[in-house]
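Spelled out, the chains give:
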Amino acid sequence: MSSHLRMGMIGGGNGAFIGAVHRMAAALDGQIDLVCGAFSRDHDNCLATGQQLGIAPERCYRDIAALLAGESKRDDRGSDTGSGAQLVSIVTPNHSHVDIAAQAARAGVHVMCDKPAGISLAEVEGLARTLEQTGTHYGLTHTYLGYPMVWQARHIAGSKPFGAIRKVHVQYVQGWLANAAEKDGNKQAAWRTDPALAGPAGALGDIGSHAHSLAEFICNSRMHTLRAHLRRHINSRTLDDDGEILFDLENGATGSLISSQICAGEENGLTIRIYGENAGLEWKQMEPNSLIERRASGEVIVHRAGTDKPLCDAALARCRLPSGHPEGFIEAFANLYRDHARAIQAGTAPARSGVPGIAEALRGMAFLEAAIASSAQGGAPTAIKPPACGPDLKGLLS
Ligand SMILES: NC(=O)c1ccc[n+]([C@@H]2O[C@H](COP(=O)([O-])OP(=O)(O)OC[C@H]3O[C@@H](n4cnc5c(N)ncnc54)[C@H](O)[C@@H]3O)[C@@H](O)[C@H]2O)c1
């Protein structure tokens, strides 16, 4: 297969948020070419977006079905000299993720999908069965798993000197939904507060899902039981905009998770602290190139990102520049795209790619459903259901 992977994008039309970030990230390593898209449900927007991106009008499609049909006519997708899309990037609101991913997989097209994977565990289990049959790759852009210092944190937290992990505190707080922005024409707020488009979880699905994946990944352990209190501060909403969860991990650690979008003044406040028997770690998404380690001896070490730093191999593989040259959100996304593309081209098993995949998708949806059920029962202890099907639950967990 050629060294370039041909990608289509679903969503990400003019006025959308994350699609443009995906495009920048996919392009960063020169391995992925955007060749087509169904960028918007508004076809004029789709055509205008395509024109700005240099994509021929006949490759700006009305929907995923038209894209797959049109691209399949171009030629053999697997060949070096082909031109049809081999991968689709899904950056639409949550309710459409599974259907688009399943259609792509059935057409033999690989997927990179934004989170959450879908709007119910049952539909993601169906997608897992489809992927088992098609053998196509599926990546889920839990962005924070693309940051080098998150891999360094996992490395230190899993080391003998750190000792057994005892406690985890993760919080993801934003302020942009502190007022009813959905009533003021904010398109991103409108669908996120509509259960038909966002699914049954509000802030928890939007950002709590990232906190869950980050905690499991750094601790290298699955969350199995939780007690949740979810609420909404804006009365006109039906979905949570704020909440707290206490949880247990299979490795014996306990923890807390806060997800809130009504914390006025907060930007993108994702912070995680992990405590072992002999040390603690702290990582903040808004200062992503520093990882603070506090040892019981009193020593405080600030581990810094950079290709010139003594870091574990996995962290170094995700640094692109010497220290002091800030790397962040786009580069983290780019690391996921680069590793996904490499795995597709090498035919590596998806779970070995270092990219969150269907196992993370299943665990994430099971977490959201358990939290909603627990909260509905006043915070009752609730088991996180191990998915009934699909590949083993481990994914990125060893
Ligand atoms: N990983 C992250 O850090 C991160 C950050 C932001 C958003 N997201 C996720 O990305 C997704 C999109 O979020 P957003 O904020 O960019 O939303 P958005 O509203 O800004 O953009 C959605 C786009 O999808 C288009 N669209 C909707 N349905 C479509 C369909 N069926 N076919 C084609 N296009 C369609 C819309 O026209 C729009 O262009 C959501 O699932 C969200 O949870 C992830």
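Residue indices follow the written sequence of each chain, beginning from 1 at its first position. Totals for whole chains, interfaces and linings use all residues, but because this is a predicted model, local features are given only for residues with pLDDT of at least 70 and pairs of side-chain atoms are given and counted only at 80 or more.

Draft legend 1. Quick peek at the overall build of the chain. Strands are runs of DSSP state E lasting at least two residues, helices are runs of H or I lasting at least four, and both sets are numbered from the N terminus onward. Across its full length, the chain holds 12 helices and 14 strands. Rg of the C-alpha trace for the chain: 21 Å, near the compact-globule value of 21 Å for 398 residues, within the 12% margin. Projected onto its principal axes, the C-alpha positions of the chain cover 65 × 50 × 40 Å. In this scheme the burial state of a residue depends on its C-beta neighbours within 10 Å: 20 or more other such atoms mean buried, 12 or fewer mean exposed, and anything in between means partly exposed; the C-beta positions come from the backbone. Going through the 398 residues of the chain one by one, you find that 52% of them count as buried. Residues are scored as being in contact if the C-beta atoms we place from backbone atoms lie within 7 Å. Pairs at least 24 apart in sequence give 69% of the contacts found in the chain among residues at least 6 apart. Note on method: radius of gyration uses C-alpha positions; expected globular size equals 2.2 Å times residues raised to 0.38.

Draft legend 2. Here's a closer look at the domain arrangement of the chain. Residue ranges labeled as domains rest on an automatic or database domain assignment. Segmentation of the chain into domains returns domain 1 (5-143) and domain 2 (147-321 + 357-383). Counting from both sides, the interface comprises 20 residues of domain 1 and, opposite them, 22 residues of domain 2. Broken down by secondary-structure element, the contributors of at least two residues to the side of domain 1 that touches domain 2 are helix H5 (121-134) and strand E5 (138-140). If you tally residues by element for the side of domain 1 that touches domain 2, the top one is H5, at 5 residues. Along the lines of polarity and charge, the residues of the side of domain 1 that touches domain 2 split into 11 nonpolar, 7 polar and 2 charged. For this classification, the nonpolar set comprises Ala, Val, Leu, Ile, Met, Phe, Trp, Tyr, Cys and Pro, the charged set comprises Asp, Glu, Lys and Arg, and every other residue, Gly included, is treated as polar.

Draft legend 3. Geometry of the sheet that holds strand E14 (residues 382-383). If DSSP finds at least two bridges between two strands, the strands pair. Taken in spatial order, the 9 strands of this open sheet run E13-E12-E11-E10-E6-E9-E8-E7-E14, and their pairing is mixed. The two strands at the open ends of the sheet, each matched to only one other strand, are strand E13 (300-304) and E14. Direction of pairing for strand E8 (residues 242-249) relative to strand E9 (residues 254-260): antiparallel, over a ladder of 7 bridges. Paired with Asp248 across the bridge in E9 is Thr254. Convention adopted: a line fitted to C-alpha atoms gives each axis, helices being fitted over their contacting stretch, and angles between N-to-C directions are expressed from 0 to 180 degrees. Lying over the sheet, helix H12 (residues 358-376) contacts strand E7 (223-231), E8 and E14, oriented at roughly 55° with respect to E7.

Draft legend 4. Fine view of the packing of helix H1 (residues 18-27) against helix H11 (residues 329-346). The interhelical angle for the contact between H1 and H11, taken along N-to-C directions, is 60°, at an axis separation of 8 Å. With respect to H11, the axis of H1 lies oblique. The two elements H1 and H11 cross, and the hand of that crossing is right-handed. Between H1, through Val21, His22, Met24, Ala25 and Ala26, and H11, the contact on the second element is made entirely by Ile330, Phe333, Ala334 and Tyr337. By residue class, the composition of the contact of H1 with H11 is 8 nonpolar, 1 polar and no charged. In these notes the angle categories are as follows: under 35 degrees is roughly parallel, over 145 is roughly antiparallel, 65 to 115 is roughly perpendicular, and the rest is oblique. Crossing handedness: left-handed means the near helix sits turned counterclockwise from the far one by under a right angle, and right-handed means the same turn made clockwise.

Draft legend 5. Main features of the site of the ligand. In the region of the ligand, 25 residues are neighbours, and Gly11, Gly13, Ala16, Ile18 and Asp114 sit closest. Counting residues per element, the ones that place at least two in the shell around the ligand are strand E1 (5-11), H1 and helix H7 (187-192). The residue inventory of the shell around the ligand, partitioned by class, reads 8 nonpolar, 11 polar and 6 charged. Split by domain, the residues of the shell around the ligand number at least three in each of domain 1 (5-143) and domain 2 (147-321 + 357-383). We call a residue near a molecule or strand if the C-beta atom, set from the backbone, is within 6 Å of it.

Draft legend 6. Quick look at H12. Spanning 19 residues, H12 covers 27 Å between terminal C-alpha atoms, matching the ideal 27 Å at 1.5 Å per step. A large share of H12 lies buried, amounting to 16 of its 19 residues. The first or second residue beyond H12 is Gly378, which carries a positive phi of 70°. A helix is expected to reach a length of 1.5 Å times the quantity of its residues less one.

Draft legend 7. Main features of the pairing of E8. Across 8 bridges, the pairing between E7 and E8 is antiparallel. Bridging from a neighbouring strand, His229 pairs with Glu244 of E8.

Draft legend 8. A look at the environment of Met9. Looking at the element boundaries, Met9 is found in strand E1. Assessed through the 30 C-beta atoms surrounding it within 10 Å, Met9 is described here as buried. Expressed as a C-alpha distance, the spacing of Met9 and Gly108, which sit 99 residues apart in the sequence, is 16 Å. Every residue in contact with Met9, bar those within four places of it in the chain, is listed here: Gly19, His22, Arg23, Leu34, Gly37, Phe39, Val88, Ser89 and Val91.

Draft legend 9. Representation of the environment of His325 within the structure. Residue placement: His325 occurs in the loop between helix H10 (313-316) and H11. Linking His325 and Ile301, residues 24 residues apart in sequence, is a C-alpha distance of 20 Å.

Draft legend 10. Structural view of H5. With 14 residues, H5 should reach 20 Å at 1.5 Å per residue; the first-to-last C-alpha distance of 20 Å fits that figure. Considered for burial, the residues of H5 that qualify are Leu121, Val124, Glu125, Leu127, Ala128, Thr130 and Leu131. Looking at the packing, one finds that the buried side of H5 touches helix H4 (97-106), E5 and H12. Once H5 finishes, Gly135 follows within two positions and takes phi at roughly 70°, a positive value.

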